[in-house]
Amino acid sequence: MALTSISSMYNMPDKPSILDVLAKCLVIGDGSYLRTLEERGYVHGGLCTPEAVIKHPSAVTQLHKDFAWAGADVLQALTFNDGKLKFTVKGKDFDNDDINQAACEIVKAVAEEYNVFVCGGVNPTPAYKLKGGKEEVQRAYHDQLEVLLKNNVDFLLAEFVWYIEDAEWAIEVLKTANRPVACTMRIGPAGDGNGVSPGQCAIRMARAGADIVGINCQYDINTCMKTIKLMKEALDAEGLKPFLMTQPIGYWSPETENSRTGFSVLPEYPLALEPRQVTRFDVRRYAREAYNIGVRYIGGCCGFKPYHIREIAEELATEKGKGPPGAEMSSSFGQYMDSTTSSSLVHTR
């Protein structure tokens, strides 16, 4: 199928463009799906895959609802990109296409209930690292794109990309779909897998046509802020104005800041990261700093739970013009302290 023929196959969604919303204020993203589902007992740890949309659809539905209730403006379909994946549930065979269709149906139902955007994401495949060439790499992205367009997602995201050339090829495919396109790379200050700087990566993503550029996963909130600053400085110097997006991990990983691999090399990875978990106050600081830098799409990746997303929504409620749906259940830290400290407590040595 020619790339130019994709957009003519499906109708555009009726919602306002996410770009219009970003131009007016900001958008709050969602957080961690597979790691949160693993914690809740619905997927394997480590190299987990999203069979949960088939095996435990109610669990995925509930997590989408948790993020929406916390204040997320975007819910991402829990799709997957392994064309060889096959499994059986209650005697029925399923494959990767079944997973992706189920993921889209689940997220669309929740997004309609909460009136939020649906993000359709594509991920890198081994084709680029195996030197498959541009045509093979783009075919892999095209294959992922088809189910997203069939289900009329609101915008497209190429995420977790490690090489800027791979990102450019992905953006080229996504731009044929006549929808807003975002692209985020899993890089820190050291740059991409070939050492291309964050600034140059941002410039090349923007020139390739991405409406939203940024970073996701692998690095903590402090490293993420350093990296997005480098991106913004480079973009400003070139007069390029894409919207900026950040979705860092919800764990502290300062020792991997200058690596090209990120938190996955930590000795605690993947099942002992809890002592590194960021607090809700850390997330509020991140949200404020990101906004002040100029980031307008602010969310989280691995380790960002629904309550972390709520903290972003509450921290930026004034800028956004509203708080999250569950805001009435929140109180200030001082109120919490006052309610848990009383003369009735017995102090012992």
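The structure under discussion appears in the preceding block.
Presented here is an overview of the structure given in this document. (Residues numbered from 1 in each chain as written. Predicted model: local features only at pLDDT ≥ 70, side-chain atom pairs only at ≥ 80, totals over all residues. Heavy atoms only, no water.)

Turning to a negative patch on the surface, a few remarks are in order. On the surface, a cluster of negative charge is contributed by Asp97, Asp98, Asp143 and Glu146. Elements with a contribution of two residues or more to the negative patch: α5 (96-114) and α6 (134-150). Looking at the secondary structure, you find Asp143 in helix α6. On the basis of relative accessible area, Asp143 is assigned to the exposed category, the value being 52%. (Patch = residues over 30% accessible without salt bridge, like charges linked within 9 Å, V, L, I, M, F, W, Y side chains within 5 Å. Areas by Shrake-Rupley, 256 points an atom, 1.4 Å probe, with all protein chains shown as cover. Salt bridge = Lys/Arg side-chain N within 4 Å of Asp/Glu carboxyl O. Lys, Arg positive; Asp, Glu negative; His and termini not counted. Charge placed at Lys NZ, Arg CZ, Asp CG, Glu CD. Helix = DSSP H or I, 4+ residues; strand = E, 2+ residues; numbered from the N terminus. Buried < 20%, exposed > 50% of the residue type's maximum accessible area, 1.4 Å probe, protein only.)

Let us look at unusual backbone geometry. Trans peptide bonds make up the majority, and among non-glycine residues the majority have a negative phi. Look at the link from Tyr269 to Pro270: it is a cis peptide, with omega at 5 degrees. Although it is not a glycine, Asn152 sits at a positive phi angle of roughly 60 degrees. Its location among the elements puts Asn152 in the loop between α6 and β6 (155-161). The backbone of Cys217 sits at a positive phi, close to 65 degrees, despite the residue not being glycine. The exposure class assigned to Cys217 is buried, which follows from its relative accessible area of 8%.

Attention now moves to the packing of aromatic side chains. Here the distance between the centres and the angle between the planes together describe a pair of aromatic rings. On inspection of all chains with the given rule, the structure shows eight aromatic pairs. Between Tyr251 and Phe263, the aromatic rings sit 6.1 Å apart at their centres with planes inclined by 15 degrees, giving stacked as the arrangement. Of the two residues, Tyr251 sits in the loop between β9 (243-247) and α10 (280-293) while Phe263 sits in the loop between β9 and α10, which places them twelve residues apart along the sequence. In this pair, the class of Tyr251 matches that of Phe263, namely buried. (Phe/Tyr/Trp six-rings, centres within 6.5 Å; stacked < 30°, edge-to-face > 60°.)

Let's shift gears to the pattern of salt bridges. Summed over the entire model, instances satisfying the criterion amount to 23 salt bridges. Put simply, Arg284 and Glu315 hold a salt bridge, and the shortest N to O gap is 3.4 Å. With Arg284 in helix α10 and Glu315 in helix α11 (residues 306-315), this pair connects stretches of sequence that are 31 residues apart. When the shortest N-O distance is used, the salt bridge between Glu311 and Arg310 registers 3.9 Å.

Another aspect to go through is helix α4 (residues 57-70). Over its 14 residues, α4 runs 20 Å from end to end, which matches the ideal 20 Å to within 8%, given 1.5 Å per residue. Packed against the buried residues of α4 are α2 (34-39), α3 (52-55), β2 (74-76), α5 and α11. Looking one or two residues past α4, Gly71 carries a phi angle of roughly 120 degrees, positive in sign. (Expected span 1.5 Å × (residues − 1). Contact = heavy atoms within 4.5 Å.)

Moving on, we get to the sheet that holds strand β7 (residues 181-185). Strand pairing within a sheet occurs via backbone hydrogen bonds; the two strands may be parallel or antiparallel. Strand order in this open sheet of eight strands is β1-β10-β9-β8-β7-β6-β5-β2, and the pairing throughout is parallel. What marks the edges here is a single partner per strand, and that holds for β1 (27-28) and β2. The strands that helix α7 (residues 164-175) touches are β5 (117-122), β6 and β7; relative to β7, the one it contacts most, it runs at about 165 degrees. (Pairing = 2+ DSSP bridges. Axes fitted to C-alpha atoms, helices over the stretch in contact; angles between N-to-C directions.)

Of all five residues that make up β9, four are buried, and the element is covered over most of its length. For strand β8 (residues 212-216) and β9, the ladder comprises five bridges, and the chain directions are parallel. The residue bridging Val213 from the neighbouring strand is Leu244, located in β9. Handedness of the β8-helix α9 (residues 221-238)-β9 crossover: right-handed. Looking at chain direction, β9 and strand β10 (residues 297-298) are connected through two bridges and run parallel. The residue of β10 that forms the bridge with Met245 is Tyr297. (Right-handed = clockwise from strand over helix to strand, strands pointing away.)

The next subject is the pairing of strand β4 (residues 92-95). Of the strand pairs in this sheet, strand β3 (residues 86-89) and β4 are connected by four bridges, and their pairing is antiparallel. Note that in β4 the partner of Lys86 across the bridge is Asp95. Here β3 folds back onto β4 in antiparallel fashion, the turn holding two residues, of which Lys90 has a positive phi close to 55 degrees.

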